[in-house]
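Residue-level structure breakdown
Chain residues, written in single-letter form:
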Amino acid sequence: MEVTVESHPNIALVKYWGKADAATNTPINGSVSIGMQNVKTTTNVHLEPAAAPSIEMELNGMPVTPSQRVQNMIDYLISLSPPAAELLSTHSLKITSSNSFPTGAGMASSASGMAALAVALKTLLAPTLSNQTTATLARLGSGSACRSIHPGFVRWDAENGIVTQVATDKHWPELRLLAVVCCAEKKAVGSTEGMLRSAATCPFMDRRAEVASARLEDVESAIISKDFPKLAEEVMRDSNDLHAVCLSSYPPIVYLSASSLAVINTVHALNSSHNSPIAAYTFDAGPNAMILTTAAYCKQVKWALSELKLAGSVKDIIDIGVGGGTVVQPMKE
Ligand SMILES: Nc1ncnc2c1ncn2[C@@H]1O[C@H](COP(=O)(O)OP(=O)(O)OP(=O)(O)O)[C@@H](O)[C@H]1O
Ligand SMILES: C[C@@](O)(CCOP(=O)(O)OP(=O)(O)O)CC(=O)O
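These numbers were taken from a predicted model, which means no experiment stands behind them. (Residues numbered from 1 in each chain as written. Chains lettered and ligands numbered in written order. Predicted model: local features only at pLDDT ≥ 70, side-chain atom pairs only at ≥ 80, totals over all residues. Heavy atoms only, no water.)

For the protein chain, the domain assignment lists domain 1 (2–168) and domain 2 (175–319). Summarising the inter-unit geometry, the C-alpha centres of domain 1 and domain 2 are found 25 Å apart. Residue-level contacts link 32 residues of domain 1 with 42 residues of domain 2. The junction of domain 1 with domain 2 conceals about 3000 Å² of combined surface from both sides, 71% of it contributed by carbon and sulfur atoms. The largest contributions to the domain 1 side of the interface with domain 2 come from Leu13, Lys15 and Trp17, which together make up 28% of the buried area. (Domains from an automatic or database assignment. Contact = heavy atoms within 4.5 Å. Buried area = accessible area lost by both parts, 1.4 Å probe.)

In structure tokens:
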């Protein structure tokens, strides 16, 4: 028996950085994201009868040892569902996954990958699980993965772990999402390690969580009312706050590169020439930018960014599109 699931990364507009509980990836502040359309993960999970059940995994064509987080997801399923526990005691699992975009480079591959895995495991082993429980299952794989379960704009609340779709991917048709690829290499400090280091050493961590929690409400209302200037300012501020926290951790965590700073300067120059934001950048734990803009200004924004490409400062500019969510292909016996 096998199932294939497609999922997409999400980019946080208000970012998760810091854990109240590391074992369950419980965040210290709520976050909200937008789903990406033109990049995806495809994950196949195959279940086969076995006398000595095992779990094998392949990522981007290479065999990998399933991580403790994958094991935690499976243990959680076993604890929730006796039929899943029974199947896993008599069957081996083969997980085969690939990403159509750089893995481990700050483009949310873990979010997309763990969301696809959670939905595939649920579909094969515990089909009656609710969407919320599936989001919690994904979160055990990687916190931000719980936001990739739904398409569009998705909020993850810190107090209760509830994941809700704030608006669908069709809500704001004029909105455009671009990726500016500065570097596709694996980053030196992963998000998990980075946020633990910030919690232990950054003197501003608690304040950042307070500011992000308040910002969550402003960003949600900017999304609902399609207020681009408001959304743009809050998104850029949140990204800057996160990277300031990283820089004031010790030893400092530097995700932004000279190319990232060139993107930041280009966006602010564009915005000041319009007296109001027409574009916003946001960076997760890596040097690659996601740019939000609107249909009316997209050409102009791309043109300004392409100057950076011509100058050799950035590698590529990709139309990412707003979308996301997960799609389950028909199950095969
Ligand atoms: N398709 C996938 N299926 C399962 N696990 C994956 C998949 N893609 C990535 N991962 C896991 O996620 C890890 C990368 O996560 P990491 O948080 O370091 O980077 P990222 O997700 O690209 O960046 P960020 O979350 O900071 O935006 C990989 O080393 C791998 O263990
Ligand atoms: C900067 C971020 O992308 C950090 C994401 O961190 P992860 O979700 O990858 O961390 P773990 O829960 O430890 O797996 C911000 C965000 O996506 O909200």
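Past the structure itself, the notes keep going.
For Ser249, the location among the structural elements is in the loop between helix H7 (228–247) and helix H8 (258–274). Contacts of Ser249, omitting those with residues within four sequence positions, involve Arg197, Ser198, Thr201 and Cys202. (Helix = DSSP H or I, 4+ residues; strand = E, 2+ residues; numbered from the N terminus.)

What follows is about the UniProt feature "domain: Mvd1 C-terminal" (unreviewed entry) in the protein chain. According to UniProt, the "domain: Mvd1 C-terminal" (unreviewed entry) feature falls on residues 179–306. Structurally, residues 179–306 comprises 60% helix and 11% strand, and the distance from its first C-alpha atom to its last is 12 Å. (UniProt positions renumbered as here; feature names shortened; annotations may be inferred.)

Here we take up the site of ligand 1. Inspection of the region around ligand 1 gives 20 residues, with Ser97, Ala108, Ser110, Lys187 and Ser191 positioned closest. At 2.9 Å from an oxygen atom of ligand 1 is found a main-chain nitrogen or oxygen belonging to Ala108. Within the backbone of Ser110, one N or O atom sits 2.8 Å away from an oxygen atom of ligand 1. Of all the secondary structure elements, the ones that give two or more residues to the shell around ligand 1 are strand S7 (55–59), strand S9 (91–99) and helix H3 (109–125). The biggest single contributor to the shell around ligand 1 is H3, with four residues. When the residues that make up the shell around ligand 1 are grouped by side-chain class, the tally is seven nonpolar, 10 polar and three charged. Domain assignment of the residues forming the shell around ligand 1 places at least three in each of domain 1 (2–168) and domain 2 (175–319). (Near = heavy atom within 4 Å. Polar contact = N/O pair within 3.5 Å; in protein donor to acceptor, adjacent residues only side chain to side chain. Nonpolar A, V, L, I, M, F, W, Y, C, P; charged D, E, K, R; others polar.)

Moving on, we come to the site of ligand 2. Among the 17 residues in the neighbourhood of ligand 2, the closest are listed as Tyr16, Lys19, Arg69, Ser144 and Thr192. A distance of 2.7 Å is found between an oxygen atom of ligand 2 and a side-chain nitrogen or oxygen belonging to Ser142. Note that an oxygen atom of ligand 2 is positioned 3.1 Å from one of the side-chain N or O atoms of Asp284. Burial of ligand 2 by the protein amounts to 95% of the accessible area it has alone, namely 460 Å². Examining the composition of the shell around ligand 2, we find that three residues originate from one element, helix H5 (residues 191–201), more than from any other. When its residues are assigned to classes, the shell around ligand 2 shows five nonpolar, seven polar and five charged. Residue-level mapping places the shell around ligand 2 at the junction of two domains, with at least three residues from each of domain 1 (2–168) and domain 2 (175–319). (Areas by Shrake-Rupley, 256 points an atom, 1.4 Å probe, with all protein chains shown as cover.)

Turning to the sheet that holds strand S14 (residues 289–294), a few remarks are in order. Ordered in space as S13-S14-S12-S15, the four strands form an open sheet in which the pairing is antiparallel. With one partner strand each, in any of the chains shown, strand S13 (279–283) and strand S15 (316–319) form the two edges of the open sheet. For this sheet the average axis-to-axis angle between neighbouring strands, irrespective of direction, equals 25°. Sheet topology note: the strand S12 (residues 175–181)/S14 ladder contains six bridges and is antiparallel. When the sheet's bridge partners are listed, Ala179 is paired in S14 with Met290. Contacting S12, S13 and S14, H8 crosses the sheet at an angle of about 160° to S13. (Pairing = 2+ DSSP bridges. Axes fitted to C-alpha atoms, helices over the stretch in contact; angles between N-to-C directions.)

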